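# Breakdown of the fold
Residue strings, one per chain:
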Amino acid sequence: MAILIRYLLIFLVIYTVFKFIKRLMKPIHTSKQSHKNDPYQVLGVSRGASREEIKKAYKTAMNKYHPDKVAHLGDDLQELAKQKTQEISQAFEQLDLH
């Protein structure tokens with residue numbers, strides 16, 4: 001019974017890491033050209049979004065792509081996460097109405 005639980009835990013860890021890597025590798029948006037120019041698309045909010053909705057989308061995106069979450073997964077994924085967080089930060093700075 002203990003061996004079965006051990007294998008189940010190992011499977012869950014591997015599955016979780018795989019899903020995280022898959023999510024990280026998935027582009028934020030399908031068109032690179034359009035999302036670099038549109039901060040609303042980068043954050044995944046509508047043009048009429050409130051300041052609170054923009055903040056929530058920013059925090060969610062940063063939590064999803066933060067480089068600290070992939071520090072143990074290798075240089076390529078760290079670089080990808082760094083690029084995505086820079087893109088998200090730039091979009092938030094453009095939309096954050098002080």
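Residues numbered from 1 in each chain as written. Predicted model: local features only at pLDDT ≥ 70, side-chain atom pairs only at ≥ 80, totals over all residues. Heavy atoms only, no water.

## Section: the pattern of salt bridges
- As enumerated under the stated definition, the model contains one salt bridge in all.
- Two residues, D38 and R47, come together in a salt bridge whose shortest N-O distance is 3.1 Å.
- According to the relative accessible area criterion, D38 is buried, its value standing at 12%.
- Under the relative-accessibility criterion, R47 is labelled exposed at 59%. (Salt bridge = Lys/Arg side-chain N within 4 Å of Asp/Glu carboxyl O. Buried < 20%, exposed > 50% of the residue type's maximum accessible area, 1.4 Å probe, protein only.)

## Re the packing of aromatic side chains
- Under the defined criterion, the tally for this structure stands at two aromatic pairs.
- Summarising the aromatic geometry, the rings of F11 and Y15 are spaced 6.0 Å apart at their centres and angled 20° between planes, so their arrangement reads as stacked. Note that F11 and Y15 are positioned in helix α1 (residues 2-25) at a spacing of four residues, about one turn of the helix.
- Aromatic pair Y58 and F92: ring centres 4.1 Å apart, planes at 20°, arrangement stacked. Of this pair, Y58 sits in helix α4 (residues 51-65) while F92 sits in helix α5 (residues 75-95); the two residues are 34 residues apart in sequence, bridging distant segments of the chain.
- The exposure class assigned to Y58 is partly exposed, which follows from its relative accessible area of 21%. (Phe/Tyr/Trp six-rings, centres within 6.5 Å; stacked < 30°, edge-to-face > 60°. Helix = DSSP H or I, 4+ residues; strand = E, 2+ residues; numbered from the N terminus.)

## A word on the nonpolar core
- Counting residues in hydrophobic clusters, the biggest one holds 18 residues, and the most contacted among them are L24, L43, V45, I54, V70 and I88.
- For this core, the secondary-structure elements that each account for two or more residues are α1, α3 (39-43), α4 and α5.
- No other element matches α5, which puts six residues into this core.
- Among residues more than four places away in sequence, those in contact with V70 are F20, L24, L77, Q78 and A81. (Core = buried A, V, L, I, M, F, W, Y, C linked by side-chain atoms within 4.5 Å. Contact = heavy atoms within 4.5 Å.)

## A word on the packing of α4 against α5
- The N-to-C vectors of α4 and α5 enclose an angle of 170°; their axes lie 9 Å apart at closest approach. What the angle tells us is that α4 and α5 run roughly antiparallel. Only A81, K84, T85, I88, S89, F92 and L95 of α5 make contact with α4, whose side of the interface consists of I54, K55, Y58, A61, M62 and Y65.
- By residue class, the composition of the contact of α4 with α5 is nine nonpolar, two polar and two charged. (Axes fitted to C-alpha atoms, helices over the stretch in contact; angles between N-to-C directions. Parallel < 35°, antiparallel > 145°, perpendicular 65-115°, else oblique. Nonpolar A, V, L, I, M, F, W, Y, C, P; charged D, E, K, R; others polar.)

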